[in-house]
Amino acid sequence: MSAADSGGKRMLGVLGAGTMGVGLAALAVGRGQRVVLVESDDGQRAAAPGRVRGQLRTAQLLGALPREQEPGELLVTADLDELGAIDPAAGAVVESVTERADLKGDVLAAASAAAKDGTLITTNTSAIPVGELAAAVTDPAWLVGTHFMNPPYLVEAVEVVRGPDTGEEAMTAVHALLASLGRRAVVVGDGPGFVSNRILMRMINDAARMVGEGRAEPAALDEVFTDCLGHRMGPLATADLIGLDNVVDTLVVLHERTGDDAYRPCGPLLTAVGDGRLGRKSGEGFHSYGGVRA
Amino acid sequence: MTATDAGAVGKTLLGFIEDRTKLSWTKEQDLFASGAVTSLFAMELVVFVEETFGVSVAGPDLTLDNFRTVRAMADLVARLRA
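Residues numbered from 1 in each chain as written. Chains lettered and ligands numbered in written order. Predicted model: local features only at pLDDT ≥ 70, side-chain atom pairs only at ≥ 80, totals over all residues. Heavy atoms only, no water.

1. Things to note about the overall build of chain A
In plain terms, the rule: Helix and strand definitions follow DSSP, with helices as H or I runs of at least four residues and strands as E runs of at least two, each counted in order from the N terminus. To get the radius of gyration, use the C-alpha atoms; to get the globule rule, take the number of residues to the power 0.38 and multiply by 2.2 Å. Only heavy atoms enter the contact rule, under which two residues are in contact if any of them lie within 4.5 Å. Accessible surface area values rest on a Shrake-Rupley calculation with a 1.4 Å probe, where residue burial reflects the displayed protein chains alone. Positive residues here are Lys and Arg, negative ones are Asp and Glu, while His and the chain termini are left out of the count. For the purpose of locating charges, the reference atoms are NZ of Lys, CZ of Arg, CG of Asp and CD of Glu.
Counting its regular elements, chain A contains 10 helices and 8 strands. The C-alpha atoms of chain A give 19 Å as radius of gyration, which agrees with the globular expectation for 294 residues (19 Å, within 12%). With the principal axes as the frame, chain A shows a C-alpha extent of 65 × 40 × 35 Å. For chain A, the proportion of contacts with a sequence separation of at least 24, taken over those separated by at least 6, is 69%. If you sum the accessible surface of chain A, you get close to 12500 Å²; carbon and sulfur atoms cover 51% of it. Charged side chains in chain A number 26 positive and 38 negative. The centres of these two groups are separated by 5 Å.

Shown next as structure tokens:
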């Protein structure tokens, strides 16, 4: 297909078909963009098209996508070279693999080598500083942090992290990317956990610890936040929505980089993950989701 | 399961929702207006309706309004089975 045939359609490369990768793919497909979803695991790759369809359905149910929009094409592949098809003027790559610096570094290095020069590459890291990941890519000026919240089609604002090497052109490109997805940026500075997770993760860790200590049942603990303080969700329901495995990975990243023991993953969190209680995505976390997998 | 009439469909739905929310509901009550039910629970309702009553909810039927009350869901099931 030539560029003319594509009708100026935007294209998005998504790296990793986990919870966030699938959600990001659904968001872009739902906005009519062509999506290349790159995933190395055979099982995850096989499940990805169905999971993207499921998220699209949820987004449609909740009225979170333009009704008249024809969904874009989805290609699920193990081949990073597919990213070379992205036109830097009308596309970008979002990295959304497991929250481990070595994994993210490897994937970002390979993706930046496969994509055309001048392609915006964003990392959906929860806590690893953009400045640290910049060492992995061919041109650090084109790397930006885009911390999308789960589910990305429902949460309109995205925490955007400008790293020390991020260039002005990349910032312009990231605003264009988010606008094309119907999202908007809240730009913050770089550093472990940025703004959101530097604060949220110690709160979740403490909340989980308190449940372990028996100070409050999960329902009561969250109710203090929702009903007394007026928050939309309590910390434990938020943790269940993020995924408890990701919470633990993010805490480890924060603990390693700050040395602050408030970030050392507490027993109840480690036990939950060890038992396969990962939150909403596994049907069971601090709260129960009826065994229904989102 | 054989939920053959609207009453039985409604009863099954109420049972599921009460089990999941630990609250009691009437068939006319707006599930989402109360704040007791999150919007993400709506997708669980869709999956439950599809799997329990053997229907497929798609396209223009896939709106929150069709899942807002037990009555609305029972009507949707009746319509999709007709």
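Having seen the model, we can carry on.
2. Comments concerning the pattern of salt bridges
All names here are of chain B. Heads up, the rule is: One speaks of a salt bridge when a side-chain nitrogen belonging to Lys or Arg is within 4 Å of a carboxyl oxygen belonging to Asp or Glu. Throughout this description, buried means an accessible area under 20% of the type-specific maximum (1.4 Å probe, protein chains only), exposed means over 50%, and partly exposed covers the range between.
Overall, the coordinates contain 21 salt bridges over all chains when judged by the stated rule. Measuring nitrogen to oxygen at the nearest pair gives 2.5 Å for the salt bridge that ties Arg-20 to Glu-44. You can see Arg-20 sitting in helix 1 (residues 6-21) and its partner Glu-44 sitting in helix 2 (residues 41-53), a full 24 residues away along the chain. On the basis of relative accessible area, Arg-20 is assigned to the buried category, the value being 16%. For Asp-30, the salt bridge is made with Arg-68, and the minimal N-O distance between the two is 3.5 Å. Highlighted residues: Asp-30 in the loop between helix 1 and helix 2 and Arg-68 in the loop between helix 2 and helix 3 (70-81), separated in sequence by 38 residues. Taking relative accessible area as the criterion, Arg-68 reaches 25% and is therefore assigned partly exposed.

3. Description of the interface of chain A and chain B
Basically, it comes down to this: Polar contacts, as used here, are pairs of N or O atoms within 3.5 Å; protein pairs need one atom able to donate a hydrogen and one able to accept it. Residues neighboring in sequence count only if both atoms are side-chain atoms. Residues are sorted three ways: Asp, Glu, Lys and Arg are charged, Ala, Val, Leu, Ile, Met, Phe, Trp, Tyr, Cys and Pro are nonpolar, and all the rest, Gly among them, are polar.
Across the contact, 15 residues belong to chain A and 15 residues belong to chain B. Along the contact surface separating chain A from chain B lie 2 salt bridges. One salt bridge in this structure joins Glu50(B) and Arg57(A), with 2.8 Å as the shortest N-O distance. In this structure, the connection of chain A to chain B is made through 7 residue pairs in polar contact (both at pLDDT 80 or more). Residues that form the side of chain A that touches chain B fall into these classes: 7 nonpolar, 5 polar and 3 charged.

4. Some details on helix 1 (residues 19-30) of chain A
Residue and element names in this part refer to chain A. Filter applied, for reference: Multiplying 1.5 Å by the helix residue count minus one yields the expected span of that helix.
Over its 12 residues, helix 1 extends 16 Å from the first C-alpha to the last, a length consistent with the 16 Å expected when each residue adds 1.5 Å. Burial runs high along helix 1: 12 of the 12 residues are buried. On its buried side, helix 1 packs onto strand 1 (11-15), strand 2 (34-38), helix 2 (42-61), strand 3 (74-77) and strand 4 (91-95). Of the residues trailing helix 1, Gly-32 is marked for its positive phi of about 80 degrees.

5. Re the packing of aromatic side chains
The cut-off we apply is this: Pairing of aromatic side chains requires ring centres within 6.5 Å, counting the rings of Phe and Tyr and the six-membered ring of Trp. Pairs whose planes differ by under 30 degrees are stacked, by over 60 edge-to-face, and all others tilted. Each ring is checked for a lysine NZ or an arginine CZ that lies within 6 Å of its centre and within 35 degrees of its normal; such an atom marks a charge sitting over the ring.
Summed over all chains, the structure comprises 3 aromatic pairs over all chains. Relative to Phe41(B), the ring of Phe16(B) lies with its centre 6.1 Å away and its plane at 10 degrees, an arrangement referred to as stacked. With Phe16(B) in helix 1 and Phe41(B) in helix 2, the pair connects residues that are 25 residues apart, well separated along the chain. Among the residues examined, Phe16(B) registers a relative accessible area of 12% and is labelled buried. The exposure class assigned to Phe41(B) is buried, which follows from its relative accessible area of 7%. A centroid spacing of 6.4 Å and a plane angle of 90 degrees characterise the contact between Phe48(B) and Phe53(B), whose relative ring orientation is edge-to-face. Aromatic rings pair up to connect Phe16(B), Phe41(B), Phe48(B) and Phe53(B) into one cluster. Note that Arg202(A) overlies the ring of Tyr263(A), its terminal NZ or CZ placed 5.0 Å from the centroid.

6. Brief notes about the sheet that holds strand 7 (residues 157-161) of chain A
Residue and element names in this part refer to chain A. For the record, the criterion: Two strands qualify as a pair provided that DSSP identifies no fewer than 2 bridges between them. What counts as an axis is a line fitted to C-alpha atoms, over the stretch in contact for a helix, and the angles between N-to-C directions run from 0 to 180 degrees.
Taking strand neighbours across the sheet as the criterion, the 8 strands line up as 3-2-1-4-5-6-7-8 in an open arrangement whose pairing is mixed. Since the sheet does not close on itself, it has two edges, and those belong to strand 3 and strand 8 (184-188), each with one partner. Ignoring strand direction, the axes of neighbouring strands in this sheet form an average angle of 25 degrees. Across 4 bridges, strand 2 lies against strand 3 in parallel orientation. In the strand pairing of strand 3, Val-38 is matched with Thr-77. Contacts between helix 1 and the sheet are confined to strand 1, strand 2, strand 3 and strand 4, with strand 2 contributing the most and set at about 165 degrees to the helix.

7. Let's talk about the side chain of Glu44(B)
Using a relative accessible area of 6% as the deciding quantity, one classes Glu44(B) as buried. A distance of 2.5 Å separates a polar atom in the side chain of Glu44(B) from a polar atom in the side chain of Arg20(B).

8. Observations regarding the nonpolar core
Residues and elements named next belong to chain A. We count it as follows: Side-chain atoms within 4.5 Å link the members of a nonpolar core, which is a set of buried Ala, Val, Leu, Ile, Met, Phe, Trp, Tyr and Cys residues.
Membership of the largest hydrophobic core comes to 41 residues, with the highest contact counts inside it found for Leu-15, Leu-83, Leu-143, Met-201, Val-247 and Leu-269. The element best represented in this core is helix 9 (residues 244-258), accounting for 6 residues. Counting 34 residues, the second-largest nonpolar core is a separate cluster that includes Leu-12, Ala-25, Trp-142 and Val-160.

9. Quick look at the packing of helix 1 of chain B against helix 3 of chain B
All names here are of chain B. Heads up, the condition is: Note that the term roughly parallel is reserved for angles under 35 degrees, roughly antiparallel for angles over 145, roughly perpendicular for angles of 65 to 115, and oblique for everything else. Here a crossing is called left-handed whenever its near helix is offset anticlockwise from the far helix by less than a right angle, and right-handed whenever the offset is clockwise.
Orientation of helix 1 relative to helix 3, taken along the N-to-C sense of each, is 130 degrees, at an axis distance of 9 Å. Here helix 3 runs oblique to helix 1, going by the angle between their axes. Seen along the crossing, helix 1 lies across helix 3 with a hand that is right-handed. Contacts between helix 1 and helix 3 involve Ala-6, Val-9, Gly-10, Leu-13, Leu-14 and Ile-17 from the first element and Val-70, Met-73, Ala-74, Val-77 and Arg-81 from the second. In terms of residue class, the contact of helix 1 with helix 3 is made up of 9 nonpolar, 1 polar and 1 charged.

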